[in-house]
Amino acid sequence: MKRGSESVSFIGLGYVGLCTAAVLASRGMKIIGVDIDGEKIAKLAKGETPLHEPGLGSMLKSAVKNRRIQFTTDIDRVVEADVTFITVGTPSNQDGSISLTFVKKAAEDVGSAIRGADAYHLVVVKSTVIPGTTTGLVRPVLESSSGKPCGPKLGLCSNPEFLAEGSAITNTLHPDKIVIGANDEKSGDKLVKLYQRIYRARKIPTIITNPTTAETIKYASNAFLATRVSTINTIANICQRLPSGDVETVAKAIGLDPRIGSVYLKAGPGYGGSCFHKDLQAFIAFSRGLDYDPVLLTAVEEVNRRQANEIVKLSRKLLGTLENRRIAVLGLAFKKDTDDVREAASLRVIEELVNNSASVSAYDPMAIENARKVLPQQVELATDSRSCLKGAECCILMTEWDEFRQLKPRAFKTLMRTPNIVDARRIRRQGDFQGFNYLAVGLGATMPPIPVLAAPSK
Ligand code: UGA
């Protein structure tokens, strides 16, 4: 790749690497995308997207067409870039602690690639890594493999990401903040300038700190969000046991307090996805290593694990026993608009149903293929919601897909053997289901439909 405009390389082309690379390419930067997976690279080189993410496909296609992005398995090509982002995965070890094997290997390989090169090269750790990794692991590995110390010729920063699946491109185009943990002033300045080129006149709040604090911000963010979900689910479980309790009204009301805020207060079957559980486990293991037991975070995880059982309990309440009962699970993805089932609550709920000898049929508009690889064999995977509902004695609404919001109550009534609904996401109203047995997360069983917010009293 010819020098001229800023060129940036990415090592690891998962969600974070690919979405960030696509956005930078759309801003006119020259991108080299590196991954060890040759099949993935071949697909990408043809402009095909290996993952489902709104907006990513068209952005990649145009970047490939305009040759603003090139894909390769040859990591030595990072020497052609001015900046290299490490965006490899950080999976969990058996005990929940983080595995830094890929990060270490990436640092080693980048160092070897730039060894002997004279130009300044900035290495940016974007993968989620436990506090201290950039300074304590990446820096020494990089310095040793490149043969140069961090400073005049070699820059190093931590720069965590905060993008969510399903909105990764929008989040990258419109971040609420940029966090830069700079090893030294020159490294920080270089990264700030790169982001200025992307966001131009827009002033994105930028926190410049040391690498360890930057790494901690990422875990704090996910720990806090997960805590909110487990907190509202705890309140939901209490509301559910009150004759006229309703967690939605509680959430609306407390959300009006600016100290609390209204987002991320949706009760449900528990959080899923590739980040919260993994990051909380890694942070818990890391804290214990520091001789601090973060009991709040272990409780957040425990509440989440048990939440699936709360959903199963609702179906048991309707059916008495689950044994040989036909249960339709609508939704497998960990949230709507993704095909991702990693750590999805649906998997925990289905496991519990199967353990109780229920006969389960399941359907998802997008995640069937991924679910098939991890669900027990006896789970029947339906091709649409209607065939999933056929003959069911209970339907659990698991994922908040629009398709399930729009299903007519009549369809449930005519297809199901008995009209029992468990709404694990509160996507429907009790009033929609006249003549049904309808139970929902955080809704007291005998609650009459009431207006959401009362008018202020005079
Ligand atoms: C999450 C964070 O939101 C991102 O900021 C972060 O960058 C990302 O992890 C990461 O570390 O890579 P993501 O896992 O894609 O993003 O999904 P979220 O939209 O945050 O949802 C996580 C889970 O919480 C989902 O299962 C969702 O259904 C659940 N949730 C979320 C609730 O049950 N209630 C809520 O109010 C919000």
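Starting from 1, residues in each chain are numbered consecutively following that chain's sequence as written. In keeping with the predicted nature of the model, local features appear solely for residues at pLDDT of at least 70, side-chain atom pairs appear and are counted solely at 80 or more, and the whole-chain, interface and lining totals rest on all residues. Heavy atoms throughout the structure, all of them, feed into the side-chain values; hydrogens and water do not.

Here's the deal with the domain arrangement of the chain
Quoted interface sizes are often the accessible area lost when the parts come together.
Then, in step 1: Domain start and end points were adopted from an automatic or database domain assignment. In terms of domains, the chain is made up of domain 1 (7–209) and domain 2 (210–458).
Then, in step 2: The distance between the C-alpha centroids of domain 1 and domain 2 comes to 34 Å.
Then, in step 3: The interface of domain 1 with domain 2 comprises 30 residues on the first partner and 27 residues on the second.
Then, in step 4: Buried surface at the junction of domain 1 and domain 2, both sides included, amounts to about 2200 Å², of which 59% is carbon and sulfur.
Then, in step 5: Broken down residue by residue, the surface that domain 1 buries against domain 2 is led by H52, P131 and E165, which jointly contribute 28%.
Then, in step 6: Each salt bridge in this description consists of a side-chain nitrogen of Lys or Arg and a carboxyl oxygen of Asp or Glu lying within 4 Å of one another. The interface formed by domain 1 and domain 2 contains two salt bridges.
Then, in step 7: Here R342 makes a salt bridge to E165, at a shortest N to O gap of 3.5 Å.
Then, in step 8: Polar contact is the term for a pair of N or O atoms within 3.5 Å; when the atoms are in protein, one must be able to donate a hydrogen and the other to accept it, and sequence-neighboring residues count only if both atoms are side-chain atoms. Where domain 1 touches domain 2, the interface holds eight residue pairs in polar contact (both at pLDDT 80 or more). Here a residue-residue contact requires only that any non-hydrogen atoms of the pair lie within 4.5 Å. Reported buried area values correspond to the accessible surface (1.4 Å probe) lost by two parts on association, with both partners' losses combined.

Comments concerning the packing of aromatic side chains
Geometry of an aromatic ring pair is reported as the spacing of the ring centres plus the angle between the planes.
Then, in step 1: Think of it this way: a Phe, Tyr or Trp ring, Trp meaning its six-membered ring, pairs with another when their centres are within 6.5 Å, and the plane angle makes it stacked under 30 degrees, edge-to-face over 60, tilted otherwise. Enumeration according to the criterion identifies nine aromatic pairs in this entry.
Then, in step 2: Where F10 meets F85, the ring centres are 5.0 Å apart and the plane angle is 5 degrees; that geometry is what we call stacked. With F10 in strand β1 (residues 7–11) and F85 in strand β4 (residues 83–86), the pair connects residues that are 75 residues apart, well separated along the chain. Side by side, F10 and F85 carry an identical accessibility label, which is buried.
Then, in step 3: Here the aromatic rings of Y264 and F276 are separated by 6.4 Å at their centres, their planes lie at 55 degrees, and the arrangement is tilted. With a gap of 12 residues between them, Y264 in the loop between α9 (247–255) and α10 (276–289) and F276 in helix α10 connect regions that are remote in the sequence.
Then, in step 4: We call a charge positioned above a ring when the Lys NZ or Arg CZ atom is no farther than 6 Å from the ring centre and deviates by at most 35 degrees from the ring normal. Geometry around F162 places K177 over its ring, the cationic atom sitting 4.0 Å from the centre.
Then, in step 5: The ring of Y120 is capped by K186, whose NZ or CZ atom sits 4.1 Å from the centre of that ring. Helix and strand assignments follow DSSP, with helices taken as H or I runs no shorter than four residues and strands as E runs no shorter than two, numbered in order from the N terminus. Here's how the labels work: a residue is buried when its accessible area is under 20% of the maximum for its type, exposed when over 50%, partly exposed in between, all with a 1.4 Å probe on protein chains only.

What to know about the sheet that holds β4
Hydrogen bonds along the backbone pair up the strands of a sheet, which may run parallel or antiparallel.
Then, in step 1: At least two DSSP bridges between two strands are required for those strands to pair. If you trace the eight strands from one edge of the open sheet to the other, you get β3-β2-β1-β4-β5-β6-β7-β8, paired in mixed fashion. In this open sheet, the two edge strands, each paired with only one partner strand, are β3 (69–72) and β8 (206–209). Averaged over all neighbouring strand pairs, the angle between strand axes comes to 20 degrees, with direction disregarded.
Then, in step 2: Summarising the sheet, β4 and strand β5 (residues 121–125) pair through four bridges and their orientation is parallel. By the bridge assignment, I86 is partnered in β5 with V125.
Then, in step 3: Contacting β1, β4, β5, β6 (154–158), β7 (178–182) and β8, helix α7 (residues 185–199) runs over the sheet at an angle of about 160 degrees to β7. Each axis is a line fitted through C-alpha atoms, and for a helix only the stretch in contact is used; angles between axes span 0 to 180 degrees, taken between their N-to-C directions.

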